[in-house]
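# Geometric and topological summary
What follows is the residue order along each chain.
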Amino acid sequence: MSAPQHTQRFSAIFSALMVFCVLVWLWGLGLFMFWPWQKGGEWLPDYPLAVRCADGQTCAMPVGQLAAARADGRVSSLIPAEESGETAYEMITVQWKTLPGGLQSKASAWNFQTTVRYRIDNEQPVLVEYQEIGGKVFLYALLGALVSLALLYLNKRRSKG
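These notes cover the structure that comes with them. Remember, predicted model here, so these are calculated numbers, not experimental data.

### Overview of the packing of aromatic side chains
The geometry of an aromatic ring pair comes down to the distance between the two centres and the angle between the two planes. What the rule picks out here adds up to four aromatic pairs. Relative to Phe 14, the ring of Phe 10 has its centre 6.1 Å away and its plane inclined at 25°; by these criteria the two rings are stacked. With Phe 10 and Phe 14 both in helix α1 (residues 5-34), this residue pair falls four residues apart, about one helical turn. Pairing Trp 43 with Tyr 118 gives two aromatic rings, centres 5.6 Å apart and planes at 75°, and the pair type is edge-to-face. Taken together, the residues Trp 43 in the loop between β1 (38-39) and β2 (48-53) and Tyr 118 in strand β8 (residues 112-121) connect sequence positions 75 residues apart. What links up through ring pairs into an aromatic cluster is the set Trp 43, Tyr 47 and Tyr 118. Lying over the aromatic face of Trp 37, Arg 117 brings its terminal NZ or CZ to 3.8 Å of the ring centre.

### Concerning the sheet that holds strand β4 (residues 75-77)
The strands making up a sheet are joined through hydrogen bonds of the backbone, oriented either antiparallel or parallel. Strand order in the open sheet formed by three strands is β3-β2-β4, with antiparallel pairing between adjacent strands. Edge positions in the sheet fall to β3 (58-62) and β4, since each of these pairs with one other strand and no more. Strand-to-strand twist of the sheet, defined as the mean angle between neighbouring strand axes without regard to direction, takes the value 65°. Note that β2 and β4 share two bridges and pair antiparallel. Residue pairing in the sheet places Cys 53 in a bridge with Val 75 of β4.

### Side note on the sheet that holds strand β7 (residues 102-109)
Read across the sheet, six strands follow the order β1-β9-β8-β7-β6-β5 without closing on themselves; strand pairing throughout is antiparallel. The open sheet is flanked by β1 and β5 (84-89), the only strands paired with a single partner. Bridging between β8 and strand β9 (residues 124-133) involves nine bridges; their strand directions are antiparallel. Opposite Thr 115, over in β9, you have Gln 131 as the bridge partner.

Definitions and cut-offs
- Residues numbered from 1 in each chain as written.
- Predicted model: local features only at pLDDT ≥ 70, side-chain atom pairs only at ≥ 80, totals over all residues.
- Heavy atoms only, no water.
- Phe/Tyr/Trp six-rings, centres within 6.5 Å; stacked < 30°, edge-to-face > 60°.
- Helix = DSSP H or I, 4+ residues; strand = E, 2+ residues; numbered from the N terminus.
- Lys NZ or Arg CZ within 6 Å of the ring centre and 35° of its normal.
- Pairing = 2+ DSSP bridges.
- Axes fitted to C-alpha atoms, helices over the stretch in contact; angles between N-to-C directions.

Nothing here speaks to function; it is all geometry.
Below, the structure is given as structure tokens:
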């Protein structure tokens, strides 16, 4: 006795949705790994950098407030106390690590990630390159997955007929 047709149709739709989810994940991961870096540019004044605060601990401070924070003694150094780590600033996670010739800082929340590579020249952070990953990556991943699923479906129909 064969299963009712609606069960077969549901099974086919469910399988297609599962394949689509995996394709979105794969496309998203691939785009995330190969998203381009931009050279130079201007600092966003609200971008938080990991710095050494007056108490010797690493804290996050927006680039636009660094000069004032150094002047009033809240920041003792632009180089964090540890070579790598993570701290919080408002609703953003700030991660940093020391690179040969500079530093890398990543500010991220649930909907974006901005990574900057910079060096310290004359007690000032100099932006070397940055990478901004936002909702656009997810939209491209959805589009890539949809095209991939359509191609897989067409290939399956062609091989059957």
